[in-house]
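The lines below spell out each chain.
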Amino acid sequence: MTFNPDVDIPRVRAALAWMGAALDITLLVVITVVVVRGCRRAGLITFDAALFAGYTLSAWQDPLYDYSGPFALHSQYALHLPSWGPYIPGWQGHSDSHLNIETAIGLAGVGGFAAMIACVWTQWWLVDQVARRRPRWRRARMLPLGLLAGLVTVCCFEALAISTGAYAWAGAVRSLSLWGGHWYQYPLYECFAWTVFLTVAAMTRHNWRAHAITPLMFRGTEPAVSRGDNWTRLLAGVGFANVATLGYMAVNATATLFANPAPADTPDFLWPR
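Residues numbered from 1 in each chain as written. Predicted model: local features only at pLDDT ≥ 70, side-chain atom pairs only at ≥ 80, totals over all residues. Heavy atoms only, no water.

Student: Which parts of the structure should I look at to understand the confidence of the model for the chain?
Tutor: Predicted coordinates in regions of low pLDDT should not be interpreted in detail. Here the chain averages 93 in pLDDT, and 99% of its residues register 70 or above. Here helix α3 (residues 109-114) is the element of the chain with the lowest mean pLDDT, 88, and strand β6 (residues 186-187) is the one with the highest, 98. (pLDDT = per-residue confidence, 0-100. Helix = DSSP H or I, 4+ residues; strand = E, 2+ residues; numbered from the N terminus.)

Student: Would you take a moment to explain the packing of helix α2 (residues 47-57) against helix α7 (residues 227-256) for this structure?
Tutor: The angle between the axes and the distance between the axes are what describe a pair of packed helices. Viewed as axis vectors pointing N to C, α2 and α7 meet at an angle of 50°, and their least axial separation amounts to 7 Å. One finds that α2 runs oblique with respect to α7. Considering how the two elements wind past one another, α2 and α7 form a crossing that is right-handed. From α2, Ala49, Ala50, Leu51, Ala53, Gly54, Tyr55 and Leu57 reach across to α7, where they touch Arg233, Leu234, Gly237, Val238, Phe240, Ala241 and Asn242. In the contact of α2 with α7, the residues fall into 10 nonpolar, 3 polar and 1 charged. (Axes fitted to C-alpha atoms, helices over the stretch in contact; angles between N-to-C directions. Parallel < 35°, antiparallel > 145°, perpendicular 65-115°, else oblique. Left-handed = near helix turned anticlockwise from the far one by under 90°. Contact = heavy atoms within 4.5 Å. Nonpolar A, V, L, I, M, F, W, Y, C, P; charged D, E, K, R; others polar.)

Student: Is there a simple way to think about the nonpolar core in this case?
Tutor: Formed by 62 residues in total, the largest nonpolar core has its most connected members in Tyr55 and Trp169. Among the elements of the structure, α1 (11-42), α2, α4 (117-133), α5 (139-163), β4 (167-168), α6 (188-211) and α7 are those that each provide at least two residues to this core. Ranked by the residues each element gives to this core, the list is headed by α6, at 8 residues. Residues in contact with tryptophan 169, not counting those within four places in the same chain, are Tyr65, Phe71, Ala72, Glu158, Ile162, Gln185, Tyr186, Pro187, Glu190 and Tyr248. Among the nonpolar cores identified, the runner-up in size contains 6 residues, and Val127, Ala131, Leu145 and Ala149 belong to it. (Core = buried A, V, L, I, M, F, W, Y, C linked by side-chain atoms within 4.5 Å. Buried < 20%, exposed > 50% of the residue type's maximum accessible area, 1.4 Å probe, protein only.)

Student: Please clarify how the packing of aromatic side chains should be interpreted in this entry.
Tutor: Both the distance between ring centres and the angle between the ring planes are used here to describe each pair of aromatic rings. The final tally for this structure, using the stated rule, is 15 aromatic pairs. Residues tyrosine 167 and tryptophan 169 carry aromatic rings whose centres are separated by 5.0 Å and whose planes lie at 55° to one another, so their mutual orientation is tilted. Each member of the pair tyrosine 167 and tryptophan 169 is classed as buried. These aromatic residues form a ring-pair network of at least three members: Tyr55, Tyr65, Phe71, Tyr167, Trp169, Tyr189, Phe197 and Tyr248. Looking at arginine 205, its charged tip hangs above the ring of tryptophan 124, at a distance of 4.4 Å from the centre. Residue placement shows arginine 233 over the ring face of phenylalanine 218; its charged tip is 4.0 Å from the ring centre. (Phe/Tyr/Trp six-rings, centres within 6.5 Å; stacked < 30°, edge-to-face > 60°. Lys NZ or Arg CZ within 6 Å of the ring centre and 35° of its normal.)

Structure (structure tokens):
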């Protein structure tokens, strides 16, 4: 794990990169404590615990952003690792091997995947606030609200991550992006795919908490009276998160087949040249 201190990066963004790493570590500690306490209180592997494990173990898919060609650029200044993308059959990636990196700790990459459940909790909290004020609303009516809450959550997070220079969608399809042609361009298909990706988990959590509806992936494991039942619940969460992540990655990898070259104004800390 390393970082490149020689890249040209404004002092403010350099400070924000370290703040992002500190935030990621803090989130992971808090999430772990909350999840472990929840499991002990319930006496079984909870939905949150299974989802947290699933998102953490889906971090291996991070290189799939660049499966069909260069799409994502990670900050060279942030703590990062060499990408394992070249070991994935059919992976294309960046022609410049120095750009094939994965952020280790920060608002993207491995640490970002592990902290993904914080986005699910944020989306669920927004939905829950409305549900408490509109208790007569049926689940079908809550779904559009869940999508809206997901869109707000995703846009807020990505605005923070992109503006601080954690990453850039350099290989986006410009005609399908906001601010297309600039390094901070924002592909709408990525935004919508991530919104759906989060909404499935957030609404599952809402139905579980508000209506006591057992998540589909846990059917047959309740009551969890044995160690085997808990392992089944944990593996179900891992499978759920990995399948959802793979669907999200497939959208981006497919769109990259029609992508434009990286914007010329991409800063040095993302694209040293």
